[in-house]
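Architecture and fold: a report
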Amino acid sequence: ILGQTHTESIEVALDGEFRINYEMTPSVRTNGDVTLNISSERDDGLLTITNCAIEGGGEYETSIAEDAHSVSVVMKDNGKVTVSLDYGGQVQQRVFTVDNIDREVGAVIVWEYAETIPQDGETSTDGSVTAHVRPTDENDELTGTNGSLSHTFTSGSKGDTYTFEFTDQAGNHGSIEAVL
């Protein structure tokens, strides 16, 4: 055995064998679909995507590339995407959450009284009354499209109205009517 040499190469990756690239478009609130593109970061072609499962995502479209090195998922609703990866017989799963699809806008009117708040049965108050529009989702923001998100009734009668129009961060349009 003298004079014979044996060389063995071992590839060691600090972040493991299951290195992937992940892109979600768009990554901000949207009222449209969200696309996930997941692909192997490895140059040797040994990491493959064997399965893609959707949990709670309603409608979706998936497309695993023919070489099984990438998958594209179009989510039409929020949900979880579980991708199964295989590297030389070792299997791992990665879970990606899509939670930025928002197709509804919700708002409430919050009243502010300059003087006294009417008690049960009372139909008037001293001073002005201001209606403020607030989103029902505390993580959302509204933008007025026909003016401010506040309107002050300086004088008026029970039944007077003002209609607020607005959009949310995802681009959804809505309106709500403040009734004195």
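Look up: the structure comes first, before these words.
What comes next is a walk through the structure. Predicted, not measured: the structure shown is a model, and the values here were computed from it. (Residues numbered from 1 in each chain as written. Predicted model: local features only at pLDDT ≥ 70, side-chain atom pairs only at ≥ 80, totals over all residues. Heavy atoms only, no water.)

**Considering the sheet that holds strand β12 (residues 161-168)**
- Read across the sheet, three strands follow the order β10-β12-β13 without closing on themselves; strand pairing throughout is antiparallel. Both outer strands of the open sheet, β10 (142-144) and β13 (173-179), are each paired with one neighbouring strand and no more. On average, adjacent strands in this sheet sit at an angle of 40° to one another, irrespective of strand direction.
- In this structure, β12 lies alongside β13, joined through seven bridges in antiparallel fashion. Paired with T163 across the two strands is E177, which belongs to β13. (Pairing = 2+ DSSP bridges. Helix = DSSP H or I, 4+ residues; strand = E, 2+ residues; numbered from the N terminus. Axes fitted to C-alpha atoms, helices over the stretch in contact; angles between N-to-C directions.)

**What to know about unusual backbone geometry**
- Here the amide bond leading from T25 into P26 is cis, since omega sits at -10°, within 30 degrees of zero.
- Within the element layout of this structure, P26 appears in the loop between β1 (20-25) and β2 (34-40).
- Positive phi values are uncommon outside glycine, yet A68 reaches one of about 65°.

**Describing the sheet that holds β1**
- Here we have four strands laid out as an open sheet, ordered β1-β2-β5-β4, and antiparallel in their pairing. For this open sheet the edge positions go to β1 and β4 (60-64), each flanked by a neighbour on one side alone. Looking at each pair of strands side by side, their axes are set apart by 10° on average, direction ignored.
- Relative to strand β5 (residues 70-75), β4 runs antiparallel, the two being bridged by five bridges. When the bridges of β5 are listed, E61 appears paired with V74.

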